[in-house]
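# Architecture at a glance
Here are the chains, one letter per residue:
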Amino acid sequence: MSDAVAEAPVADAAAAEIDASLPYNNAVPGAVLGRWAEESDGGLIVAADKLIPLMTHLRDKEEYDFLSSVTCVDYSKYGGKLRAGVSERFDTVYHLYSTSKGGGHVKLHVRVPENDTVPSATAVYPGANLQECEVYDLFGINFEGHPNLRRVLLWDGFNGHPMRKDWHEAYYDEDAKPFKSRHPAKGYEFHEDKLPWGKNTTYPEGWDPEDWREPITYVPVSQAPGHDELGELDTESIVVNLGPHHPSTHGVFRMIARIEGETILALEPEMGYLHRNHEKIGERNTWLMNMPYTDRLDYINSMSNNLGLALAVEKLMDIEVPERASYIRIIMAEFTRVINHLWSIGFILNDLGALQTPALYAIEEREMILDLFEEVSGARLMCNYMRFGGVVRDLTPNWIKRALYLVHERLPHTLDELDRLLSGNEIVKARGKGVGYLSPQDLIALSISGPMIRAAGIPYDIRKVDPYCIYDRFEFDVPTLPDGDIYARYYIRLLEARESLKILRQALRDIPGGEVQGLPAFASATIEAGFGTIMGGRGGYSFRPPEGEVYQRIEAPKGELGYFLVSDNKANPYRYHVRAPSYINLNGLGPMSVGYKIADAIVILGAIDIVLGEVDR
Amino acid sequence: MASVDPAGFQQLKEQQYLHDQITVPAELQSNVLVTTLDKAYNWSRRSSMWPLLFGLACCAIEMIATAASRYDLSRFGMEVMRPSPRQSDLMIVSGTVTKKMVPAIVRIYNQMAEPRYVLSMGACATGGGPFKEGYNVVSGIDKYLPVDVYVPGCPPTPEALIFGLMKLHEKVERQSIAKVAWYRKESSGFVPVPILGPDIFDPRQIQLIRENTLGEGAASRSSGGGEVRVMPELLSDDVKQNLEAIRTRYLAKMKQPA
Amino acid sequence: MYGTGLLKGLGITLKHALDTFRDDSKDVPSRYADSIQLDNRRRIIEQPIDQEGLLTIQYPEEKRLLPERFRYIPMLIWDTQKNEDLCTACGICAKVCPPQCIWIVRDADENGRPVARPAEFYIDAAVCMSCSFCTEFCPFDAIKMNHDYELAVYDRYPQLVYDKEELTVPVEYYAALWPSQYAAEEEVRQRKEAEARAKEEAKAKAAAEKAKAADAPAQKRSPEELQALKEQAAAKAKAARSGGAAGGEDAEAKKARLEELKRKAQERAKQRKEQGE
Ligand code: SF4
Ligand code: SF4
Ligand code: SF4
């Protein structure tokens, strides 16, 4: 690969002697340079130039066919300085899983000095596409051989790479919360007064706005097959732009399609219109403060986002969760799955042109579930209900009775009605069957997860293959459908919602009583000393997990939701990364849409079921 | 960076509350025709205010819930959410406004026909909300657009949104056909579209930014002196060549006898 | 066969419409069966779980019954018995607030020494994410979540920056909004107070015995003296407090506002009671 990498001291040392005791070094000599941390961490440091051969080996020989997450850590301020034992500033991290074997991951680290390149994993796992773009955008790491490396979340011309630790925004206060200005002396400060223009913008020194010309963002839809260099006018293909303001893009999302007639030749998603800097803010927050922020990732399913983060931090700190809290968590997570699937079914129909009515029916029962959420957590959408080591408050007295009524009476009835109304409908069948097909192999290669792959016949559900929480206690099936088209993606959601009801019935039946478990009945520091904290006592709201890193994934309603956390034993996470299923599932949008009509692309997008808060974070 | 002086702060607040209580001016109260006309005019505008179908973030979900069965916006004549800005009277900015999105929002606003209103829904649209410190977040849509009603909350519950809409109705009812800006010649209501540079910038603030990036007293080169220049997008050379090629081929074809 | 889908869809819609119609034409439509009548127009509606379909809540005339844990924007609690803020300006809420939207200035006495009382307290409602961390971690129960969501305004700054006066509500208001949590907190408080009193008594007794044993050493103050000093200090603090309050705002207006809130709280308590019956 690149010469610069070969010259790096570590790579040199590795070339000199190959440690055969390290895994995979026999298969791909010299690939693994060492262990990232102690053996329990499992991370392997890989020579940059051997990354592709090693990945090929892992994919072809070891069945690690699913690239879950690609991300990067800037180690320049680890514990205040460059991390000990690391001579390079950046470290790209890959998590590989196996969809056939199930089980845990292989974690690869590639160290990258500043201004250097890494070989792009897209050669082996095309699903690395968007994630590498994100790393490039936010960290400025170049991936060599990437087909279309671009700024996905920000725009061309943006000054700097914001996730680098030394990059500060305009309203920058301090490196870590809590900020000292809030108490006890200074008083309210209107942030807008900080800068002469009253906005949170900064401009580089010496930059002249009058000379500025917006760079034209080139999206390589022009490389589409069949496009003959604008040759003949009458058969010329044109580029159509949908969004960011468009009623059927489910938020602020943009698709750029090259079409000929109505047929799509190429389609490229463009996002970042809701990029809210979740990770940058998350690294400034304390661990606990991130909990309400996760609500705003996939804002339809705040409960399962909470669950993911809670599990990740618990894994990092090795915390035991009370039995009853685990049951409550599962009940909440499965209720959100039902909500999400109802919502997405409704809006797939909306995209099919059945405006409003099916969506209204589908989200009717949602209000009843939201009432239940509001009853326990205090908010309909942004529940902020889970805490590290449990949940914030116990259920209210009548809650389980109401939930049981919903689960046994109302929800099955609604699902049946939707099934009756929609599944046999000619339009749904005509528009859905055979549209948006992608083969199971392609789906896996593109790192797509969740209902999308189960609709293509792959029974891959993290609740089954890599159980977390207490999912291994419940009896449920992983429904699959063989077709892999839009109709299957619609129908699989109905089936999954039914499975969720199954889990809910068991959980509501088996949940142990509250008195035994001692969950706080009220969230109040006076009643419950050290309430909601792990350590107990005052100041427990800010704690320091031990040094280390963790990757926890859960089966969120939209797919595999992962949290990658690095702790440097401070009150704030050193690195906080969210592997967002919606974002990565968009890898498939282009390939799925090619060859279909532009109207189908809308439904294909709808059937991926994205939510922009999670796509752009 | 001044911290707030409590007394001044209080005064400012009181003034603003007073300014909310707009009353019909005395000289207009006697004008029966105008006031009656006003009533009809405002009643009809208030009772069929079509919102733009426009969701930005989490708050949009609550906006949808407001329009759905339980809260049923059609009780206010607002059920027709129009996706086209040309057909809508009200823009509900429902969610976080990001720098990347704001040029599009301002464009949409400019495309809406007068009279138009902006309701800022949720903490994010109002003041940046929990993401205020973010590098890609605009700390409040009022940095770019005139906002009529702010609804705080994260997210505002559907009731809170409806309360905001009713506040807007009140505001509409207080307007007078004789005074409204959109029938006057001098008002265009056009908001210059912000531009994505190294960071987003407002064409109205170019002088200010120049002074800060180029040092004090950096004179403007534009002769107008403070006049807003809308920057053209420059086409790159290969695009130009392509366009030129198409054009010549097209012209050649046209010239050929049928 | 083509067309069946259409017929089925229309059938389901028709069924929904007929169901609603039938229900509405009952003597007491089920939407009103469980509701609480406030006056002849306004109602609080709670949908029974076994009510089919979804009731439309005709806000503003009808409102939904909010659960106790509902949270919107925080409020500060005013102890109506002692006539003081419960808040001690300890700053924990400002520390845990995720978007850091709480600003507190601690009060100081005339010598510039800090006093456990906020001089200023701001919450920027245009930033607050309604997470309720501040209320969960406040060790003095001085900040709680308000249920009031009717907050829309025409101007953002400074109206949405709530200052101390706007945030403060009497403790009765809180007790009406959060009855069970308030009761639990009250219980803990009383238990603690009893414990503290018992401890104090035991201490006083021990001290007295010790004093007797040591034959009252001259350099130490007697319990009576201590008590007198304490009272003096309390009086001084009270004077400072009332002075501060009077300087801050018109006392009449504040009283009226607190009265209003109290009235609201009573209304609310009434609703709860009726609903309980
Ligand atoms: S105000 Fe809250 S709910 Fe609304 S968009 Fe912002 S974060 Fe989301
Ligand atoms: S409200 Fe509570 S936590 Fe906040 S400063 Fe006052 S006493 Fe401390
Ligand atoms: S509710 Fe949350 S965001 Fe709002 S003031 Fe309290 S801690 Fe801060």
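Everything below is about the structure shown above.
Notes on the structure in this doc start here. What you see as residue numbers is a count from 1 along each chain, following the sequence as written. To label them, take the chains in the order written and letter them from A, then take the ligands in the order written and number them from 1. Two thresholds apply to this predicted model, a pLDDT of at least 70 for residue-level local features and 80 or more for giving and counting side-chain atom pairs, whereas whole-chain, interface and lining totals are computed over all residues. For side-chain calculations, the full set of non-hydrogen atoms in the structure is used, while hydrogens and water are omitted.

## A word on the overall build of chain B
Heads up, the condition is: A run of DSSP states H or I qualifies as a helix once it reaches four residues; a run of E qualifies as a strand once it reaches two. Both are numbered from the N-terminal end. Note on classification: 1.4 Å probe, protein chains only; a residue is buried when its accessible area is under 20% of the maximum for its type, exposed when over 50%, partly exposed between these limits. Two residues qualify as a contact provided that any one of their heavy atoms is within 4.5 Å of a heavy atom in the partner residue.
Of the regular secondary structure elements, chain B holds nine helices and five strands. The N-to-C order of helical and strand elements in chain B reads α-α-α-α-β-α-β-α-β-α-β-β-α-α. Out of the 258 residues belonging to chain B, those deemed buried represent 53%. Contacts spanning at least 24 positions in sequence make up 75% of the contacts within chain B whose residues lie at least 6 apart.

## Quick look at the overall build of chain A
We count it as follows: Surface accessibility follows the Shrake-Rupley procedure with a 1.4 Å probe radius. Residue values consider only the protein chains on display as shielding.
The number of helices and strands found in chain A is 21 helices and 15 strands. Within chain A, buried positions represent 67% of all 617 residues. Long-range pairs, those at least 24 residues apart, make up 69% of the contacts in chain A with a sequence separation of at least 6. Counting only carbon and sulfur atoms, one obtains 50% of the accessible surface of chain A, whose full area is about 19500 Å².

## With respect to the environment of G562(A)
Residues and elements named next belong to chain A. Mapped onto the secondary structure, G562 falls in strand β14 (residues 559–567). Judged by its relative accessible area of 0%, G562 is buried. For the pair G562 and L309, spaced 253 residues apart in sequence, the C-alpha to C-alpha distance is 8.5 Å. If we skip the residues at most four places from it in the chain, G562 touches Y551, Q552, R553, H577, V578 and R579.

## Section: the packing of aromatic side chains
Just so we agree on the cut-off: Each pair of aromatic rings taken from Phe, Tyr and Trp, with Trp reduced to its six-membered ring, is defined by centres within 6.5 Å and is described as stacked if the planes are under 30 degrees apart, edge-to-face if over 60, and tilted in the remaining cases. Charge-over-ring placement is defined geometrically: NZ (Lys) or CZ (Arg) within 6 Å of the ring centre, and within 35 degrees of the ring normal.
Tallied over the entire structure, the rule returns 36 aromatic pairs over all chains. Ring geometry for Y293(A) versus F131(B): centroids 5.5 Å apart, planes at 80 degrees, classification edge-to-face. Residue Y293(A) is located in helix α6 (residues 290–295), and its partner F131(B) is located in the loop between α6 (122–127) and β3 (149–151); the two belong to separate chains. According to the relative accessible area criterion, Y293(A) is buried, its value standing at 2%. A relative accessible area of 1% places F131(B) in the buried class. Relative to Y491(A), the ring of Y487(A) has its centre 6.3 Å away and its plane inclined at 5 degrees; by these criteria the two rings are stacked. Highlighted residues: Y487(A) and Y491(A), both in helix α16 (residues 486–510), separated by four residues, approximately one helical turn. Three or more aromatic residues joined by ring pairs form one cluster here, namely Y188(A), F190(A), W103(C), Y122(C) and Y157(C). Over the face of the ring belonging to Y144(B) we find K199(A), whose NZ or CZ atom lies 4.6 Å from the ring centre. Over the face of the ring belonging to Y109(B) we find R116(B), whose NZ or CZ atom lies 4.2 Å from the ring centre.

## Observations concerning the sheet that holds strand β1 (residues 90–94) of chain B
Either a parallel or an antiparallel arrangement is found when strands of a sheet pair, and the pairing is made through backbone hydrogen bonds. All names here are of chain B. Under the convention used in this document: Being paired, for any two strands, means DSSP has found at least two bridges between them. An axis is simply a line fitted to the C-alpha atoms; with a helix, the fit covers only the stretch in contact. Between two such axes, the angle follows the N-to-C directions and lies from 0 to 180 degrees.
Pairing is parallel in the open sheet, where three strands are placed in the order β1-β2-β3. Edge strands, defined here as strands with exactly one partner in the open sheet, are β1 and β3. Direction aside, the axes of adjacent strands within the sheet are offset by 15 degrees on average. Bridge analysis of strand β2 (residues 117–121) against β3 gives three bridges, and the strand direction is parallel. The partner of M121 across the bridge, within β3, is V151. Lying over the sheet, helix α4 (residues 58–67) contacts β1 and β2, oriented at roughly 130 degrees with respect to β1.

## Topic: the nonpolar core
Our working rule: Side-chain atoms within 4.5 Å link the members of a nonpolar core, which is a set of buried Ala, Val, Leu, Ile, Met, Phe, Trp, Tyr and Cys residues.
Residues Y94(A), L108(A), F335(A), Y385(A) and I102(C) are the most contacted members of the largest nonpolar core, which totals 295 residues. Considering every element that reaches this core, the biggest residue donor is helix α8 (residues 323–351) of chain A, with 15 residues. In this structure I102(C) touches R182(A), C93(C), A94(C), C97(C), F121(C), Y122(C), I123(C), C134(C) and I143(C), once residues within four positions along its chain are discounted.

## Focus on the sheet that holds strand β4 (residues 90–97) of chain A
Residues and elements named next belong to chain A. Ordered by their spatial adjacency, five strands build an open sheet running β1-β2-β5-β4-β3, and the pairing between neighbours is mixed. Of all strands in the sheet, those with a lone pairing partner are β1 (32–35) and β3 (66–74), marking the two edges. Pairs of neighbouring strands in the sheet enclose a mean axial angle of 25 degrees, with direction left out of account. In this sheet, strand β5 (residues 106–112) lies alongside strand β2 (residues 43–46) in parallel orientation, the contact comprising three bridges. When the sheet's bridge partners are listed, I45 is paired in β5 with H109. Packed on one face of the sheet, helix α3 (residues 51–60) meets β1, β2, β4 and β5 and runs near 170 degrees to β5.

## Describing the interface of chain B and chain C
What counts is decided by this rule: Buried area adds together the accessible area that both of two parts lose upon being put together, with accessible area traced by a 1.4 Å probe. One speaks of a salt bridge when a side-chain nitrogen belonging to Lys or Arg is within 4 Å of a carboxyl oxygen belonging to Asp or Glu. All amino acids are sorted into three groups, where Ala, Val, Leu, Ile, Met, Phe, Trp, Tyr, Cys and Pro are nonpolar, Asp, Glu, Lys and Arg are charged, and the leftover types, Gly among them, are polar.
Taken together, the contacts link 47 residues of chain B with 37 residues of chain C. Both faces combined, the contact of chain B with chain C buries some 3700 Å², and carbon together with sulfur accounts for 57% of it. Summed over the shared surface of chain B and chain C, the result is two salt bridges. A salt bridge links E159(B) to R64(C); its shortest N-O distance comes to 3.2 Å. Partitioned by chemical class, the residues of the side of chain B that touches chain C number 20 nonpolar, 13 polar and 14 charged.

## Some words on the site of ligand 1
For clarity, the threshold we go by: Each residue is tested against the molecule or strand, and it is near if at least one of its non-hydrogen atoms lies within 4 Å.
Inspection of the region around ligand 1 gives 16 residues, with C58(B), C59(B), A123(B), C124(B) and C154(B) positioned closest. At the site occupied by ligand 1, the surrounding residues belong to chains A and B. Of all the secondary-structure elements, those providing two or more residues to the shell around ligand 1 are α4 and α6 of chain B. In terms of residue count, the dominant contributor to the shell around ligand 1 is α6(B) (three residues). Looking at the shell around ligand 1 residue by residue, the classes come out as ten nonpolar, four polar and two charged.

## Focus on the interface of chain A and chain B
The interface is formed by 79 residues belonging to chain A together with 75 residues belonging to chain B. Considering only the side of chain A, the residues that lose the most area to chain B are W155(A), E210(A) and H245(A), jointly responsible for 11% of the buried surface there. Linking chain A to chain B there are nine salt bridges. Every element with two or more residues in the side of chain A that touches chain B is listed here: α5 (278–284), α8 and α10 (364–377) of chain A. In terms of residue class, the side of chain A that touches chain B is built from 39 nonpolar, 15 polar and 25 charged.

## Side note on the pattern of salt bridges
A full pass over the atoms with the stated rule returns 72 salt bridges over all chains. Here E192(A) makes a salt bridge to K143(B), at a shortest N to O gap of 2.8 Å. Of this pair, E192(A) sits in the loop between β7 (142–144) and β8 (238–242) while K143(B) sits in the loop between α6 and β3, which puts the two residues in different chains. Judged on exposure class, the residue E192(A) and its partner K143(B) are both buried. Salt bridges here are not isolated pairs; linked through shared partners, they connect E367(A), D371(A), E374(A), R380(A), E62(B), R70(B), E159(B) and R64(C).

## What about helix α5 (residues 102–111) of chain B?
Burial analysis of α5(B) places eight of its ten residues in the buried class, which makes it a mostly covered element. The set of residues buried in α5(B) consists of V102(B), P103(B), A104(B), I105(B), V106(B), I108(B), Y109(B) and N110(B).

## Here we look at the pairing of β2(A)
Residues and elements named next belong to chain A. In β2, alternate side chains face the same way, and those of G43 and I45 on one face and L44 and V46 on the other are all buried. Direction of pairing for β1 relative to β2: antiparallel, over a ladder of three bridges. Across the sheet, R35 pairs through a bridge with L44, a residue of β2.

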